[in-house]
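Residues per chain are reported as follows:
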Amino acid sequence: MTKTILITGAGHGFAKATAFILAEKGHNVIATAEIWPQVTELIAEAKSKNLDNLIIEKLDVTKQRERDYLINKYDIDILFSNAGLMEAGPIGEQPLDLIRSMFDINVFSALEFAQGFIKKMVAKKSGKIVFTSSMGGLLTVPYAAAYCATKHALEAIAEGLKTELEPFNIKIATVNPGAFDTGFNDRGMDSIRHWYDPNKNFTSEAIFAGFEEMLSQQFEPQMMIDVIVDVILSENPNFRNVCPQPIADYIKQLQADAWTLKS
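Residues numbered from 1 in each chain as written. Predicted model: local features only at pLDDT ≥ 70, side-chain atom pairs only at ≥ 80, totals over all residues. Heavy atoms only, no water.

(A) Representation of the overall build of the protein within the structure. When helices and strands are counted, the protein shows nine helices and seven strands. What you see for the protein is a C-alpha radius of gyration of 19 Å, in line with the 18 Å of a compact globule of 263 residues. Across its three principal directions, the C-alpha atoms of the protein cover 55 × 40 × 35 Å. When burial is assessed residue by residue, the protein has 51% of its 263 residues classed as buried. In the protein, 73% of the contacts between residues at least 6 apart in sequence involve partners at least 24 apart. Carbon and sulfur atoms form 53% of the exposed surface of the protein, whose accessible area is close to 13,400 Å². The distance from the centre of the 25 positive side-chain charges to the centre of the 33 negative ones in the protein is 7 Å. (Helix = DSSP H or I, 4+ residues; strand = E, 2+ residues; numbered from the N terminus. Rg over C-alpha atoms; globule rule 2.2 N^0.38 Å. Buried < 20%, exposed > 50% of the residue type's maximum accessible area, 1.4 Å probe, protein only. Contact = heavy atoms within 4.5 Å. Areas by Shrake-Rupley, 256 points an atom, 1.4 Å probe, with all protein chains shown as cover. Lys, Arg positive; Asp, Glu negative; His and termini not counted. Charge placed at Lys NZ, Arg CZ, Asp CG, Glu CD.)

What follows is the structure in structure tokens.
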């Protein structure tokens, strides 16, 4: 059955690839991008592939006017809430305005946009919302703790929605990527240098040396994209979808070990 699917943060990465795959499968897709140059590029690419069923819209999820415009304009079956921001850094001295910005985008704006469509889904007693969380929603990565905190919050929201919306036949799921080579993690690490000063900050500059090694070991994105597409289209997906499997196993062990962790 053909679905109407709205995707946020589709200017690049997982969501962009997912939008094109879903449109190629014949679904009606509204792919949104944060800035106009991304919109222009997506329109051109959709036209080059003759995907008339792929509609491109601008959406900065932090802008109420843009959120309201799309909520009022479209009646959808599935929302893939993917738009997000990562600002890495030692949380003991990371500027709070950067942390607030992450919470605004990753948590508050994601929830507020979802709420608009939830009302419509409740009225028709059907729908699905898939949130892009992270492995960082289930563990805490050193020097990315604030980002992980936003994803922990999103996990709690998703769990609450799952229970509360079940009587209305609305499905809720999360997708939880490990470290994939989409550029998202690289830019998140790059952002530290916009404020970090080794002459002022107590965090040693030596910690940045380990980032390059970590980023060189990222996974190929296609396996995660396949999981996302499957979760979006499945009639009864798992609530939580961590990929790849070794990361899921690692998280389970960390969670078990947490009960005996010393301070």
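(B) Up close: the packing of aromatic side chains. What the rule picks out here adds up to five aromatic pairs. Their ring planes at 85° and their centres at 5.2 Å tell us that Phe 113 and Phe 117 sit as a pair that is edge-to-face. Here the residue Phe 113 and the residue Phe 117 both occupy positions in helix 4 (residues 96-124), the gap between them amounting to four residues, near one helical turn. Residues Phe 113 and Phe 117 agree in their burial class; the two are buried. Ring centres 5.6 Å apart and planes at 50° place the aromatic pair Phe 180 and Phe 219 in the tilted group. (Phe/Tyr/Trp six-rings, centres within 6.5 Å; stacked < 30°, edge-to-face > 60°.)

(C) Spatial organisation of helix 4. For helix 4, built from 29 residues, the straight-helix expectation of 42 Å at 1.5 Å per residue is met to within 8% by its first-to-last C-alpha distance of 41 Å. Its maximal kink placed at Asp 104, helix 4 deviates by approximately 40°. Two residues or fewer past helix 4, Lys 125 is found with a positive phi of approximately 55°. (Expected span 1.5 Å × (residues − 1). Bend = angle between axes of the 7 residues up to and from the residue.)

(D) Local environment of the sheet that holds strand 7 (residues 240-243). Across the sheet, seven strands lie side by side as 3-2-1-4-5-6-7; this open sheet has parallel pairing. Looking along the sheet, the strands with just one partner apiece sit at the ends: strand 3 (54-58) and strand 7. Mean inter-strand twist for the sheet, computed between neighbouring axes without regard to direction, equals 15°. Contacting strand 1 (4-7), strand 2 (28-33), strand 3, strand 4 (78-81) and strand 6 (170-177), helix 1 (residues 13-24) runs over the sheet at an angle of about 165° to strand 1. In this fold helix 2 (residues 36-48) packs onto strand 2 and strand 3, with an angle of close to 170° to the strand it touches most, strand 3. (Pairing = 2+ DSSP bridges. Axes fitted to C-alpha atoms, helices over the stretch in contact; angles between N-to-C directions.)

(E) Examining unusual backbone geometry more closely. A cis amide bond links Cys 243 to the next residue, Pro 244, at an omega of 0°. Counting through the fold element by element, Pro 244 comes out in the loop between strand 7 and helix 9 (245-257). Located in the positive-phi region is Asn 50, a residue other than glycine, with phi close to 55°. Owing to a relative accessible area of 65%, Asn 50 belongs among the exposed residues under this scheme. Phi is positive for Asn 169, close to 60°, though the residue is something other than glycine. Examined against the element boundaries, Asn 169 turns out to sit in the loop between helix 5 (145-165) and strand 6.

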